[in-house]
Amino acid sequence: LYGGFGPNVSWKNGMWRLSAFFNYRYDVDVVNGTQMNTTRMNGFDNQSTAVLRRRRNEGDTTDIPRAVQGTSYNWLGSDKYVEDASFLRFRTITLRYTVPPVKLRRVGFKSLSAYITAENLYTFTNYTGQDPEVSMPGGDAFKIVTDNSMTPPSKNFTLGLVAGF
């Protein structure tokens, strides 16, 4: 289940307008490929600090298996690496002020407005990877979705001025 919603509010005869947009995805399982690759401990690649909790002696109780040089099966797929990537993202908010036409006649403008927009302000999620909004392979919801730590969307702030002559 995925989608989006957002309110649009205006006041003072439309001189001020506030609009926001949220998008969400619910009940999508994602294989955390980054966690799988950084806890496999079978080569010389960088590893997560989580491997410091690995099994070292017979009888150790831990969630990370022992390290094995060369051939290891620590990286094989299992439900250990599957996470719920449900999220609610505060995607955009825009505040706009439009100067009333009566005030513009004196300066020769037909229209004038100023706005500020903020994008990707916050993502609410329990997912432990970088970004829960992992794209579906080929748009097929029944294929395995793997997160390999693509860069999450950046926060953007835009100031604008729109003038009509």
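Rules used throughout
- Residues numbered from 1 in each chain as written.
- Predicted model: local features only at pLDDT ≥ 70, side-chain atom pairs only at ≥ 80, totals over all residues.
- Heavy atoms only, no water.
- Helix = DSSP H or I, 4+ residues; strand = E, 2+ residues; numbered from the N terminus.
- Buried < 20%, exposed > 50% of the residue type's maximum accessible area, 1.4 Å probe, protein only.
- Areas by Shrake-Rupley, 256 points an atom, 1.4 Å probe, with all protein chains shown as cover.
- Lys, Arg positive; Asp, Glu negative; His and termini not counted.
- Charge placed at Lys NZ, Arg CZ, Asp CG, Glu CD.
- Pairing = 2+ DSSP bridges.
- Contact = heavy atoms within 4.5 Å.
- Polar contact = N/O pair within 3.5 Å; in protein donor to acceptor, adjacent residues only side chain to side chain.
- Patch = residues over 30% accessible without salt bridge, like charges linked within 9 Å, V, L, I, M, F, W, Y side chains within 5 Å.
- Salt bridge = Lys/Arg side-chain N within 4 Å of Asp/Glu carboxyl O.

Draft legend 1. How the structure looks around the overall build of the chain. Broken down by element type, the chain carries 2 helices and 9 strands. In sequence order, the secondary structure elements of the chain are arranged as β-β-β-β-α-β-β-α-β-β-β. With 165 residues in all, the chain has 26% of them scored as buried. On the chain, roughly 11400 Å² of surface is accessible, and the fraction owed to carbon and sulfur atoms is 56%. The positive charge centre, built from 19 side chains, and the negative charge centre, built from 14, are 17 Å apart in the chain.

Draft legend 2. View of the sheet that holds strand S8 (residues 146–147). Reading across from one edge, S5-S4-S8 is the order of the 3 strands in this open sheet, with mixed pairing throughout. Edge positions in the open sheet fall to strand S5 (82–84) and S8, since each of these has one partner strand only. Relative to S8, strand S4 (residues 29–32) is paired through 2 bridges, and the arrangement is parallel. Residue pairing for S8: Asn-32 is matched across the bridge by Asp-147.

Draft legend 3. Spotlight on the environment of Asp-84. In this fold, Asp-84 is placed in strand S5. Asp-84 sits 32 residues away from Leu-52 along the chain, and the two C-alpha atoms are 25 Å apart. Apart from the residues within four sequence positions on either side, Asp-84 is in contact with Asp-27, Val-28, Asp-29 and Tyr-127. For Asp-84, the side chain forms a polar contact with the side chain of Ser-86, separated by 2.7 Å.

Draft legend 4. Highlighting a nonpolar patch on the surface. Taken together, the side chains of Val-9, Trp-11, Trp-16, Leu-18, Leu-95, Ile-116 and Leu-159 present a nonpolar region at the surface, about 620 Å² in accessible area. Counting residues per element, the ones that place at least two in the nonpolar patch are strand S2 (8–11) and strand S3 (16–25). The residue Val-9 is located in strand S2 in this model. For Val-9, a relative accessible area of 41% corresponds to the partly exposed category.

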